[in-house]
Amino acid sequence: MVRSAIKTYLNLGLILFLFLGFQNVYSQKVKLLKKEQHLVINSIFKYSSEKQIKLYKKTLEYESWMGFIKTTNFEDLEVIGNCLIKDSEFEKEFNEFKNVMVNLGSKKINSKELDSKFKVKIIPSKNVSAISEPIIINEYSFQFIKSFYGRALNVQKKNDQGNWDYACGIYFPIDLQ
């Protein structure tokens, strides 16, 4: 009887050890976006007329079409908005972004950090938008968006009140999509 009690405790200890070990490994693999990055995502769609925005639960990893930004002169891009490469601050941040964007990885989006109009979806589909992790460099945030409508690089700028505002978008040519 004493042996079976010891054996039971050893088995329970082994199960607990394995459970905690696997949980720790899993939590290291799945990285979460930071609060500020969730604020950027909220601000991207704040003026959208859509009542519901379907967003994939993980951020986009670096994909080959994103490299178009690195290989093209800024002046040749289809820019919508008021990003000016002549602005030395923007030029510096944009060049830094081009250097770090290849490190984009998949991170989990926390639906509790998003506005109520967002519906985070588990399965990607053509009517579900996907967004890369917002890369924040000083007062600018850069994030790729892939949706039914196309692909773009969205740029946000932090205003004097600390809120993120749309600065410009760079749309990718149809042949890259």
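Residues numbered from 1 in each chain as written. Predicted model: local features only at pLDDT ≥ 70, side-chain atom pairs only at ≥ 80, totals over all residues. Heavy atoms only, no water.

Trainee: Break down the packing of aromatic side chains for me, citing the residues and quoting the values.
Mentor: Counting across every chain of the model gives 13 aromatic pairs. Where Phe-148 meets Tyr-149, the ring centres are 5.7 Å apart and the plane angle is 75°; that geometry is what we call edge-to-face. The exposure class of Tyr-149 is exposed, given its relative accessible area of 70%. Within the aromatic cluster, the residues linked to one another by ring pairs are Trp-65, Phe-68, Phe-90, Phe-94, Phe-97, Tyr-140, Phe-142, Phe-144 and Phe-172. (Phe/Tyr/Trp six-rings, centres within 6.5 Å; stacked < 30°, edge-to-face > 60°. Buried < 20%, exposed > 50% of the residue type's maximum accessible area, 1.4 Å probe, protein only.)

Trainee: Describe in detail the pattern of salt bridges, supporting the description with residues and values.
Mentor: Once the charged atoms of two side chains with opposite charge are near each other, the side chains can pair. Counted according to the given criterion, the structure contains 5 salt bridges. Here Lys-158 ties to Glu-36 by a salt bridge, and the two come within 3.1 Å at their closest N and O atoms. Taken as a pair, Lys-158 in strand 7 (residues 150-158) and Glu-36 in helix 2 (residues 35-44) lie far apart in primary sequence, 122 residues in all. Accessibility expressed as a relative area gives 25% for Lys-158, which makes it partly exposed. Residue class for Glu-36 comes out partly exposed when judged on its relative accessible area of 27%. Ionic pairing is found between Lys-146 and Glu-63, a salt bridge with its closest N-O pair at 3.3 Å. Pair noted here: Lys-146 is in strand 6 (residues 140-147) and Glu-63 is in the loop between strand 1 (53-56) and helix 3 (68-71), with a separation of 83 residues, a long-range link. (Salt bridge = Lys/Arg side-chain N within 4 Å of Asp/Glu carboxyl O. Helix = DSSP H or I, 4+ residues; strand = E, 2+ residues; numbered from the N terminus.)

Trainee: Explain the pairing of strand 8 (residues 164-171) residue by residue, including any values.
Mentor: Sheet topology places strand 7 next to strand 8; 7 bridges connect them, and they run antiparallel. Each residue of the ladder has a partner; that of Lys-158, found in strand 8, is Trp-164. Remark: 5 residues form the turn of the hairpin made by strand 7 and strand 8, two consecutive strands paired antiparallel; Gly-162 in that turn has positive phi of roughly 90°. (Pairing = 2+ DSSP bridges.)

Trainee: Tell me about the environment of Gly-169, and name the residues and values.
Mentor: Mapped onto the secondary structure, Gly-169 falls in strand 8. Taking C-alpha positions, Gly-169 is 8.3 Å from Cys-83, a pair spaced 86 residues apart along the chain.

Trainee: For the nonpolar core, give the residues involved together with the corresponding values.
Mentor: Within the largest apolar cluster, 24 residues are counted, with the highest numbers of intra-cluster contacts made by Ile-69, Phe-97, Phe-142, Phe-144, Leu-153 and Val-155. When contributions to this core are tallied by element, the ones reaching two or more residues are helix 4 (88-100), strand 5 (135-137), strand 6, strand 7 and strand 8. Beyond its immediate chain neighbours, meaning those up to four positions away, Phe-97 contacts Ile-135, Ile-137, Phe-142, Phe-144 and Leu-153. Core analysis: the second largest hydrophobic core is formed by 13 residues, Leu-33, Val-40, Leu-114 and Ile-145 among them. (Core = buried A, V, L, I, M, F, W, Y, C linked by side-chain atoms within 4.5 Å. Contact = heavy atoms within 4.5 Å.)

Trainee: Just give me the short version of the layout of surface pockets, but keep the residues and values in it.
Mentor: Its volume calculated, the largest pocket comes out at about 630 Å³. Along its surface, the largest pocket is lined by 28 residues, and Phe-45, Ser-129, Ile-145, Ser-147 and Tyr-149 are the ones closest to its centre. Split by residue class, the lining of the largest pocket holds 12 nonpolar, 11 polar and 5 charged. (1 Å grid on protein atoms, 1.4 Å probe; cavity = no way out; pocket = protein on both sides within 12 Å on 5 of 7 lines; lining within 4 Å. Points joined across faces, edges and corners; volume = space filled by probe spheres on them. Nonpolar A, V, L, I, M, F, W, Y, C, P; charged D, E, K, R; others polar.)

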